[in-house]
Amino acid sequence: MRKLKKAVIPAAGLGTRFLPITKAIPKPMLSVLDKPTIQYIAEELSSVGIEEIVIVVSPDSDVILKHFGENKALSDRLLADGKDKLYKIEETTRKFNIRFVEQKVPNGLAGAILCAEPYIGNEPFALLLGDELIYAGEGDKPCMKRLAEIYESTGKSVIATMEVFGDDVSKYGNIGIKEEVDGVMTVNAIVEKPSINEALSNNAIIGRYVLSGEVMGMLKSLKPRNNEIYLTDALDELAANDKLLASCFEGERYDVGDKFGYIRANVEFALMSEEIGEETAKYIKELAKKLK
Ligand code: G1P
């Protein structure tokens, strides 16, 4: 049986939309509640049992390495003070097998993926874009689990999608669908951020993919356009050869690369929090009364 073992998280964006905080703090370290976004994304992989994660970071991202590394003084202190709960929380940051690679030149998504090539080679890999959180609620199948299952049973690359309408179609990669069986779509074309008239369907690509072993080689041979290498160009080639599948994700998606998406994630995660959920709900209800 094919088993997916590796993942790549491109997280090298400069985060200029979040200046000034991103001047000294790398964007993946911005927190939703008390956890950096990059940790939520790494945790999405636990439903798949992926052991090796490659995070592609921008230069000067040492603080991300620090976050996932050991802080002996802190863990010793928490243990000595009997703060078991906090120790366990801190422990969750150390359980990943992560390698970090730097993307020195900002040359697009495929450029970031190619930085991970020394660790991925021609093996299949999960790809999780660092600007999005995908939350699986009760009864939802985690998005990465669904993609991994489809890959492992078919051997084909598979992307997660969501339905979008109106002007929103132009914000995302868009897929053409040849057929759909049991929620698995066979993709026959891809168009990146189309105008409403150019859209092939209402299915937008979100930032979760499982890419087969041949994709890294395809990316290597792609020619840059406007100094960027486009993942879409490789996906388009897969689609033309009947080698690309798609599936709608279950759960909630948060675009944390966008200020409103980031606030939405913080508000909703606060509402779900055991610690402050109740008081947040109470506060929001009071606040809503004051809003016109
Ligand atoms: C990238 C992809 C696009 C996809 C989007 C999802 O675009 O190129 O196909 O729909 O992520 O967030 P970006 O948002 O990086 O411009």
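Structure's up top.
Remember, it's a predicted structure, so these values are computed and weren't measured experimentally.

Q: Which parts of the structure should I look at to understand the packing of aromatic side chains?
A: Two measures describe an aromatic ring pair: the distance that separates the ring centres and the angle between the ring planes. One pass over the full model with this rule turns up six aromatic pairs. Where tyrosine 40 meets phenylalanine 269, the ring centres are 5.2 Å apart and the plane angle is 80°; that geometry is what we call edge-to-face. Placement of the pair is tyrosine 40 in helix H1 (residues 37–44) and phenylalanine 269 in helix H10 (residues 259–272), with a sequence separation of 229 residues. Phenylalanine 269 sits in the buried class, given a relative accessible area of 10%. When the ring of tyrosine 135 is compared with that of phenylalanine 269, the centres are 5.8 Å apart and the planes differ by 70°; the resulting orientation is edge-to-face. Of the two residues, tyrosine 135 sits in strand E7 (residues 132–135) while phenylalanine 269 sits in helix H10, which places them 134 residues apart along the sequence. The lysine or arginine in question, lysine 35, covers the ring of tyrosine 40, its NZ or CZ lying 4.6 Å from the ring centre. Note that arginine 225 overlies the ring of tyrosine 230, its terminal NZ or CZ placed 4.2 Å from the centroid.

Q: When you look at the environment of alanine 234 in this model, what are you seeing that I'm missing?
A: With respect to the element layout, alanine 234 can be found in helix H9 (residues 231–240). What makes alanine 234 buried here is its relative accessible area of 1%. With 40 residues separating them in the primary sequence, alanine 234 and proline 194 have C-alpha atoms 17 Å apart.

Q: Sorry if this is basic, but what is going on with the pairing of strand E4 (residues 52–57) here?
A: The two faces of the sheet receive side chains in turn, since in a regular strand these alternate between them. For E4, a buried count of six out of six residues is recorded, marking the element as mostly surrounded by other parts of the structure. Burial along E4 is two-sided: Glu52, Val54 and Val56 facing one way and Ile53, Ile55 and Val57 facing the other are all buried. Note that strand E1 (residues 6–11) and E4 share six bridges and pair parallel. Among the inter-strand pairings, alanine 7 is bridged to a residue of E4, identified as isoleucine 53. Bridge analysis of E4 against strand E5 (residues 97–102) gives six bridges, and the strand direction is parallel. Bridging across to E5, isoleucine 53 finds its partner in isoleucine 98.

Q: So what exactly am I meant to see when it comes to the packing of helix H3 (residues 72–80) against helix H4 (residues 84–91) here?
A: Put simply, H3 and H4 touch, their axes get as near as 8 Å, and they point 155° apart. Considering their axes alone, H3 and H4 lie roughly antiparallel with respect to each other. The crossing of H3 and H4 is left-handed. From H3, Leu74, Ser75, Leu78 and Leu79 reach across to H4, where they touch Leu86, Tyr87 and Glu90.

Q: I keep staring at helix H5 (residues 108–115) and nothing clicks. Help me out?
A: Two residues of an α-helix separated by three or four positions point the same way, owing to the 3.6 residues in each turn. Counting buried positions along H5 gives six out of eight residues, so the element sits mostly inside the fold. Turning to H5, its buried residues are Gly108, Ala110, Gly111, Ala112, Ile113 and Leu114.

Q: Teacher, can you tell me more about the state of the cysteines here?
A: In a disulfide, the sulfur atoms of two cysteines are held together by a covalent bond. By the definition in use, this model includes zero disulfides. The closest cysteine sulfur to the non-disulfide-bonded cysteine 143 is located on cysteine 248, 9.8 Å from its own sulfur. A relative accessible area of 6% places cysteine 143 in the buried class. For cysteine 248, a relative accessible area of 35% gives the class partly exposed.

Q: It is not clear to me how the nonpolar core should be interpreted in this structure. Could you clarify?
A: A general tendency of soluble globular proteins is for nonpolar side chains to be buried together. Judged by nonpolar contacts, the single largest core of 49 residues is most densely connected at Val32, Ile38, Ile53, Ile55, Ala126, Leu128 and Leu133. Setting aside anything within four residues of it in sequence, one finds alanine 126 in contact with Leu4, Lys6, Ala7, Val8, Leu45, Ile50, Met144, Tyr209 and Val210. Val56, Val101, Ile159 and Leu222 belong to the second-largest nonpolar core, a separate cluster that totals 34 residues.

Q: Would you take a moment to explain a nonpolar patch on the surface for this structure?
A: A surface patch of nonpolar side chains, amounting to about 230 Å² of accessible area, comprises Ile263, Val267 and Leu271. In this fold, isoleucine 263 is placed in helix H10. Using a relative accessible area of 48% as the deciding quantity, one classes isoleucine 263 as partly exposed.

Q: Which parts of the structure should I look at to understand the site of the ligand?
A: Surrounding the ligand, one finds Leu129, Glu132, Tyr172, Gly173, Glu192, Lys193, Ile205, Gly207, Tyr209 and Arg253. Contact between the ligand and glutamate 192: an oxygen atom at 2.7 Å from a side-chain N or O atom of the residue. Note that an oxygen atom of the ligand is positioned 2.6 Å from one of the side-chain N or O atoms of lysine 193. Protein contact buries 69% of the 380 Å² of open area that the ligand shows by itself. With three residues, strand E11 (residues 203–211) is the largest single contributor of residues to the shell around the ligand. Considering only residue class, the shell around the ligand consists of four nonpolar, two polar and four charged.

Procedures and definitions
- Residues numbered from 1 in each chain as written.
- Predicted model: local features only at pLDDT ≥ 70, side-chain atom pairs only at ≥ 80, totals over all residues.
- Heavy atoms only, no water.
- Phe/Tyr/Trp six-rings, centres within 6.5 Å; stacked < 30°, edge-to-face > 60°.
- Helix = DSSP H or I, 4+ residues; strand = E, 2+ residues; numbered from the N terminus.
- Buried < 20%, exposed > 50% of the residue type's maximum accessible area, 1.4 Å probe, protein only.
- Lys NZ or Arg CZ within 6 Å of the ring centre and 35° of its normal.
- Pairing = 2+ DSSP bridges.
- Axes fitted to C-alpha atoms, helices over the stretch in contact; angles between N-to-C directions.
- Parallel < 35°, antiparallel > 145°, perpendicular 65-115°, else oblique.
- Left-handed = near helix turned anticlockwise from the far one by under 90°.
- Contact = heavy atoms within 4.5 Å.
- Disulfide = S-S within 2.5 Å.
- Core = buried A, V, L, I, M, F, W, Y, C linked by side-chain atoms within 4.5 Å.
- Patch = residues over 30% accessible without salt bridge, like charges linked within 9 Å, V, L, I, M, F, W, Y side chains within 5 Å.
- Areas by Shrake-Rupley, 256 points an atom, 1.4 Å probe, with all protein chains shown as cover.
- Salt bridge = Lys/Arg side-chain N within 4 Å of Asp/Glu carboxyl O.
- Near = heavy atom within 4 Å.
- Polar contact = N/O pair within 3.5 Å; in protein donor to acceptor, adjacent residues only side chain to side chain.
- Nonpolar A, V, L, I, M, F, W, Y, C, P; charged D, E, K, R; others polar.

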